[in-house]
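One letter stands for each residue in the lines below.
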Amino acid sequence: MGMFNDFRSPAARPAPVAPATAPAPVPAPARAPQPARPVARAEAAPVPTDWLDLKHRLHETILEEMNLSALETVDTKDMRRAVATLTVQHLAAQKIELGSDGFKQLVSDLIDEVTGLGPLEPLLADPTISDILVNGHSHVFVERKGLLERAPSTFRDEKHLLRIIDKIVSRVGRRIDESQPWVDARLPDGSRVNAIIRPCAIDGPSLSIRKFSADKLTMDRLVGYGAITTPAAQFLRAAVEARMNVLISGGTGSGKTTMLNALSACIDRRQRIVTIEDAAELQLQQEHVVRLETRPSNTEGAGEISQRLLVKNALRMRPDRIVIGEVRGSEAFDKLQAMNTGHDGSMTTIHANTARDAISRLEQMVVMIGADFPLSAVRNQIASGINIVLQLNRLSDGSRRVMSISEVYGLEGDTILMQDIFIFKREGRDAEGNVLGRFLPTGVRPRCYDLIMAAGIPLPTDVFSGLSGRGVA
Ligand SMILES: Nc1ncnc2c1ncn2[C@@H]1O[C@H](COP(=O)(O)OP(=O)(O)O)[C@@H](O)[C@H]1O
Ligand SMILES: [Mg+2]
């Protein structure tokens with residue numbers, strides 16, 4: 001790596017180059033297809049600091065020497081050409097030899113830096129990565145198949161990371177600084193981002209990216225992954241078709257939104273669906289969908305558009321179904337009201353650890369708004385409004401599973417009655433630490449079975465007895 005040391009000497013300034021707007025002849029390597037970076041990188045040893053330094057230097061020079069406003073409009077081919085030209089000239093001036101792979105990598109990295117989100121770009125482009133988590137500039141982790149691993153990418157320093165964060169939030173017209181040290185944003189591709197910086201993030205800026213996956217998990221694939229069994233999926237499909245109201249409960253990252261998306265696919269294509277989300281994530285396959293998204297308050301604390309307002313508005317949109325991404329607050333009240341006044345077949349997720357908890361949380365959300373609504377009335381609405389509660393969990397081996405499917409079937413005195421229809425029975429672990437267990441019907445035939453039959457949806461009773469297939473998860 002000694003050769004990079006020369007480059008770092010302050011005396012080493014780049015030779016003058018042609019302006020970006022008039023691209024010079026393309027050096028051969030730049031035209032070659034980009035190497036499969038995520039793979040190549042993943043196998044490589046940790047990136048040496050010299051490489052980061054070299055990139056940083058070149059990046060600064062490019063910013064200095066290229067016409068930045070022209071950059072915005074330039075197409076990627078011209079950009080690649082211009083960056084390649086500059087790079088060649090620099091490397092030659094500094095007598096640095098990189099070889100063709102190194103050169104291509106450098107040009108790609110520089111383009112990522114200039115036009116994109118720098119070190120995040122290869123991670124964003126890698127379809128096997130579902131989450132990107134940056135804990136300070138030198139600790140980057142990714143999630144693949146439910147498991148976290150350290151990523152080879154790093155940022156040069158805190159300033160570099162901050163610059164990328166700034167790029168993300170300014171693109172969506174938001175701001176992040178000491179007075180407002182966190183922000184939620186969405187990347188142009190739909191990925192969700194949370195950024196939090198000092199003074200709240202004491203070890204440096206932190207970024208959490210939940211990547212948008214165009215390839216959503218369908219119910220069949222959830223069965224294939226062992227998240228749920230065929231009979232249970234059959235029951236859920238029928239329940240959705242028969243317009244049961246479904247509550248999907250689980251912790252963060254337990255697969256709630258994924259399940260909601262998979263379940264929504266069972267809605268009849270002819271129905272009008274209105275979705276309400278804080279950050280639109282759902283990807284319904286139906287044609288007739290109106291997507292609504294809330295708006296956070298601005299830096300002066302004004303202008304918020306809440307889920308509650310959107311639910312109220314959705315009710316005036318002649319919806320056949322209302323799907324709320326996640327209930328968190330007072331919108332639960334309007335949602336319950338709606339479900340009790342003929343807007344059946346709605347679905348939502350809720351953050352809770354058990355099906356019982358989910359119901360209590362819902363209750364709290366409604367009670368919180370302080371309307372003249374006695375608890376018994378709230379319970380009554382929940383008991384008659386909610387039909388099915390799914391509890392999801394992310395287990396210690398990283399797998400995400402449905403832990404239970406329960407039915408809310410009535411009210412006795414002040415108690416909401418619930419019964420489990422399917423439950424996951426743990427059976428220890430195997431040698432690799434994978435959780436073993438089976439997801440089995442409890443043998444109870446849900447009361448809503450009659451409603452499903454009445455709606456003319458075919459569903460054999462043996463899904464509830466475990467005779468229709470292996471209950472093995
Ligand atoms: N059953 C599953 N098996 C594997 N990965 C899953 C499963 N369910 C969800 N995922 C993945 O887990 C991540 C978190 O899922 P998500 O539905 O967004 O969780 P939540 O809404 O509970 O926070 C996503 O990347 C998703 O693709
Ligand atoms: Mg979610």
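Structure: see above.
None of these values were measured; they are calculated from a predicted model.

Could you clarify how one ought to interpret the sheet that holds strand β4 (residues 182–186) in this entry?
Within a sheet, each strand pairs with its neighbour through backbone hydrogen bonds, oriented either parallel or antiparallel. The sheet built from six strands is open, its strands ordered β3-β2-β1-β6-β5-β4 with antiparallel pairing. Of all strands in the sheet, those with a lone pairing partner are β3 (147–150) and β4, marking the two edges. Direction aside, the axes of adjacent strands within the sheet are offset by 20° on average. Set on the sheet, helix α9 (residues 158–171) makes contact with β1 (129–135), β4, β5 (192–196) and β6 (206–210); between it and β6 the angle comes to about 45°.

Explanation requested: the sheet that holds strand β8 (residues 273–277) in the structure shown.
Pairing within the open sheet is mixed, and its nine strands lie in the order β9-β8-β10-β11-β7-β12-β13-β14-β15. In the strand order of this sheet, the two ends are held by β9 (289–293) and β15 (435–441), each with one partner. For this sheet the average axis-to-axis angle between neighbouring strands, irrespective of direction, equals 25°. Inspection of the sheet shows strand β13 (residues 400–412) paired to strand β14 (residues 415–429) by eight bridges, in the antiparallel sense. Within β14, the position partnered with Ser404 by the bridge is Ile423. Contacting β8, β9 and β10 (321–324), helix α13 (residues 307–315) runs over the sheet at an angle of about 170° to β8.

What am I meant to see in the pattern of salt bridges here?
Side chains carrying opposite charge are able to pair once their charged atoms draw close together. Taken as a whole, this structure holds 21 salt bridges when the rule is applied. In this structure, the salt-bridge partner of Arg156 is Asp157, at a minimum N-O distance of 3.3 Å. Within this structure, Asp53, Arg156 and Asp157 form a network of salt bridges that share partners.

Is there a simple way to think about the packing of aromatic side chains in this case?
When we look at a pair of aromatic rings, we describe it by the centre distance and by the angle of the planes. Evaluation of the coordinates by the stated rule reveals five aromatic pairs. With centroids separated by 5.8 Å and ring planes inclined at 15°, the aromatic side chains of Phe422 and Phe439 adopt a geometry described as stacked. With Phe422 in strand β14 and Phe439 in strand β15, the pair connects residues that are 17 residues apart, well separated along the chain. Comparing Phe422 with Phe439 shows no difference in burial state: the two are buried.

Just checking my understanding: could you explain the site of ligand 1 for this structure?
Around ligand 1, the structure places 15 residues, and the nearest of them are Arg210, Gly253, Lys256, Thr257 and Thr258. Between Arg210 and ligand 1, the recorded distance is 2.7 Å, taken from a side-chain N or O atom to an oxygen atom. Ser254 is positioned such that a nitrogen or oxygen atom in its backbone is 3.1 Å from an oxygen atom of ligand 1. Considering ligand 1 on its own, with 560 Å² of exposed area, one finds that the protein chains cover 84% of that surface. Per element, the largest residue contribution to the shell around ligand 1 is three residues, and it comes from helix α12 (residues 256–264). Its residues placed into classes, the shell around ligand 1 shows four nonpolar, eight polar and three charged.

Rules used in this analysis
Residues numbered from 1 in each chain as written. Chains lettered and ligands numbered in written order. Predicted model: local features only at pLDDT ≥ 70, side-chain atom pairs only at ≥ 80, totals over all residues. Heavy atoms only, no water. Pairing = 2+ DSSP bridges. Helix = DSSP H or I, 4+ residues; strand = E, 2+ residues; numbered from the N terminus. Axes fitted to C-alpha atoms, helices over the stretch in contact; angles between N-to-C directions. Contact = heavy atoms within 4.5 Å. Salt bridge = Lys/Arg side-chain N within 4 Å of Asp/Glu carboxyl O. Phe/Tyr/Trp six-rings, centres within 6.5 Å; stacked < 30°, edge-to-face > 60°. Buried < 20%, exposed > 50% of the residue type's maximum accessible area, 1.4 Å probe, protein only. Near = heavy atom within 4 Å. Polar contact = N/O pair within 3.5 Å; in protein donor to acceptor, adjacent residues only side chain to side chain. Areas by Shrake-Rupley, 256 points an atom, 1.4 Å probe, with all protein chains shown as cover. Nonpolar A, V, L, I, M, F, W, Y, C, P; charged D, E, K, R; others polar.

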